[in-house]
Amino acid sequence: LRGLPDVRRGRMTLNLRRLSTSAYDAASVLDAITGLTLSSKALAMAERAGRLILSGDFDGGMKRFEGDMTLTTDAGVATFTASRQPVKGTEKPMADVNAHADLRHIRLGHILGSKALGDATASADFVGRSVEGHLSGDLAAHIHNVEFKECRYEDIDVKGSVVDKSFTGHITDSGEPLDIDISGQVNLNGAEPQYDFAVDLKSADLHAMNINKRDSVSVLSLRADIYAVGRNIDDMNGRVDMIIDGG
């Protein structure tokens, strides 16, 4: 560990075999080292995950680093790898950023405090570049399975581009009981979040999805264009244009 107390110029080489901790203690260490404070909502989610066991390697500092981490909790296992490498010979400060994540058997509903959500397994890759502190790149994620209202969904693909806090791309599930394609943008860069996307719901078996349990044959299809601005459903403004074909 070199360069302290100036964290931005510091360098650390870490081989962590096993660290068992709690959400509160982990948040305290994060605040002490980086100055980042977890929100009360994020801290509550971490606490619901239960015991935290960390292992991994890290080499580098704020400007250049390579690292991998495995987080084992009572609510599932997550592995992460990430790297940041400065690009030489450029006028502006620039760095290549790569990251990969695997989430296995995550008790998503338990962590988020939702009775409707069940377990989830997913993976994601990000390849991008940071220019003067602004991050952009390509995101590709695959949700292997996720449970909602005791219905299992499989092979959901998410692909698109990220610019700081905005995402533009597609979410596709072409299996059963849901066949849907969502394309558009979620932009959190401004003062108010903006949502602008199109939904092509080719088929939704509402009975199999445990939404309409009274009718054994209940299939819905629709197309919709949605634009909204706001932080939550109560203060949201926008428009919805929809064509429904259901049975």
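The structure we're discussing is the one just above.
Residues numbered from 1 in each chain as written. Predicted model: local features only at pLDDT ≥ 70, side-chain atom pairs only at ≥ 80, totals over all residues. Heavy atoms only, no water.

Caption draft 1: Here's a closer look at the side chain of serine 123. Tracing the backbone shows serine 123 in strand 6 (residues 117–131). Serine 123 gets classed as buried once you look at its relative accessible area, which sits at 16%. Side-chain polar atoms of serine 123 contact the side chain of histidine 144, separated by 3.4 Å. Leave out the neighbours within four places in its chain, and serine 123 touches His100, Ala101, Asp102, Ala140, Ala141, His142 and His144. (Helix = DSSP H or I, 4+ residues; strand = E, 2+ residues; numbered from the N terminus. Buried < 20%, exposed > 50% of the residue type's maximum accessible area, 1.4 Å probe, protein only. Polar contact = N/O pair within 3.5 Å; in protein donor to acceptor, adjacent residues only side chain to side chain. Contact = heavy atoms within 4.5 Å.)

Caption draft 2: Inspection of the nonpolar core at higher detail. By size, the foremost hydrophobic cluster in this structure holds 14 residues, and its most contacted members are Tyr153, Leu178, Val199, Leu201, Ala204 and Met209. If you list the elements that add at least two residues to this core, you get strand 8 (151–163), strand 10 (178–187), strand 11 (194–205) and strand 12 (219–229). In this structure, leucine 201 is in contact with Leu178, Asp179, Ile180, Leu220, Ser221 and Leu222, ignoring residues within four places of it in sequence. (Core = buried A, V, L, I, M, F, W, Y, C linked by side-chain atoms within 4.5 Å.)

Caption draft 3: Quick peek at the side chain of serine 218. Note on placement: serine 218 falls in the loop between strand 11 and strand 12. Overall, the relative accessible area of 3% leaves serine 218 in the buried class. Here the side chain of serine 218 touches asparagine 212 through a polar contact of 3.2 Å, side chain to side chain.

Caption draft 4: Here's a closer look at unusual backbone geometry. Here the bond from glutamate 176 into proline 177 is cis, since omega is 5°, no more than 30 degrees from zero. Mapping proline 177 onto the fold places it in the loop between strand 9 (166–174) and strand 10. Unlike most non-glycine residues, glutamate 150 shows phi in positive territory, near 60°. Note on placement: glutamate 150 falls in the loop between strand 7 (134–148) and strand 8. Residue classification places glutamate 150 among the exposed residues on the basis of a relative accessible area of 74%.

Caption draft 5: View of the environment of arginine 104. Mapped onto the secondary structure, arginine 104 falls in strand 5 (residues 94–107). With 32 residues separating them in the primary sequence, arginine 104 and threonine 72 have C-alpha atoms 9.8 Å apart. Residue contacts for arginine 104: discarding those within four places in its chain leaves Gly76, Val77, Thr79, Ala120 and Thr121.

Spatial relationships are all this shows, so hold off on functional conclusions.
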